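Structure at a glance
Below, each chain spelled out in residue letters.
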Amino acid sequence: MYHVGYQSASLKTITQAAGVSKGCLYHHFENKQALGYAVLDELFADLVAELWSGVVDAEAPVEAIIGTLEQTVRELTGESLRFGCPISNLAQEMSPLDEGFRARVEKVHGDWHRWLVDAFENARRKGQVDAKCDSSALASLVMATAQGAKGLAKSAQDPEIYAEAISGLVAYLRSIRR
């Protein structure tokens, strides 16, 4: 699904890549749609949580966000550069076509947004950022910059595009610290 898209991924290709029979696949998943939903619900949601949920309770939340962003720059190589963000890929491909996919992508993005909002609010309570900062707008800025820059880097097959955008975002985040 990551390499060719959800719609183009045949069950034969999926079972061969997983090293399982179709019977085994159907034992766990009613159909390809159920498998796609499980990938979002269990795999991608957990990956986003692993990457972003820890920023909420960090001693220095803005620094934790910056550290996570810088980590994503280091990790944008090889397959992740070539194929981009699997969640964004599914969102773009399937959200207009399947409400179940759209809702699941929205939940993953909603969780990520909430963790960022909570982290910025935590930073405000600690006096680490200006009290006038709009935590929701900052969270949306972080998400939109990261996702948009990853899409541009994928299109150009150039990780420097992502690195440059994240560098600008990091500079901005550092400027709002107290």
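A brief structural summary. Here the residue numbering is sequential within each chain, running from 1 through the sequence in written order. Two thresholds apply to this predicted model, a pLDDT of at least 70 for residue-level local features and 80 or more for giving and counting side-chain atom pairs, whereas whole-chain, interface and lining totals are computed over all residues. The basis for the side-chain values is all heavy atoms of the structure; hydrogens and waters are excluded.

1. Overview of the pattern of salt bridges
Any carboxyl oxygen of Asp or Glu that lies within 4 Å of a side-chain nitrogen of Lys or Arg is treated as forming a salt bridge with it. The full count for this structure, using the stated rule, is eight salt bridges. Between Asp41 and Arg104 there is a salt bridge; the shortest N-O distance is 3.0 Å. Highlighted residues: Asp41 in helix α3 (residues 32-52) and Arg104 in helix α7 (residues 99-125), separated in sequence by 63 residues. Only protein chains enter the accessibility calculation, which uses a 1.4 Å probe; a residue is then buried when its area is under 20% of its type maximum, exposed when over 50%, and partly exposed in between. Taking relative accessible area as the criterion, Asp41 reaches 39% and is therefore assigned partly exposed. Given the relative accessible area of 24%, Arg104 is considered partly exposed. Lys107 is the salt-bridge partner of Asp111, the closest N and O atoms lying 2.7 Å from each other. Each helix corresponds to a stretch of at least 4 residues labelled H or I by DSSP, and each strand to a stretch of at least 2 residues labelled E; elements are numbered beginning at the N terminus.

2. Some remarks on the layout of surface pockets
Here the largest pocket defines a volume of roughly 570 Å³. In terms of lining, the largest pocket is formed by 23 residues, of which the most central are Leu47, Leu51, Cys85, Pro86 and Lys150. Of all elements in the fold, only α3, α4 (61-75), α6 (86-94), α7 and α8 (135-156) reach the threshold of two or more residues within the lining of the largest pocket. Per element, the largest residue contribution to the lining of the largest pocket is six residues, and it comes from α3. Residues are said to line a cavity or pocket when one of their atoms sits within 4 Å of a point; the points come from a 1 Å grid over protein atoms alone, cavities being sets where a 1.4 Å probe fits but cannot get out and pockets being open sets with protein on both sides within 12 Å along at least five of seven lines. Grid points are joined across faces, edges and corners, and a volume is the space filled by probe spheres set on the points. For the second largest pocket, the calculated volume is near 460 Å³. Around the second largest pocket, the lining comprises 21 residues; the ones closest to its centre are Met1, Tyr2, His3, Val4 and Ala9. For the lining of the second largest pocket, the elements supplying multiple residues, two or more each, are α1 (11-18), α3, α5 (78-83) and α6.

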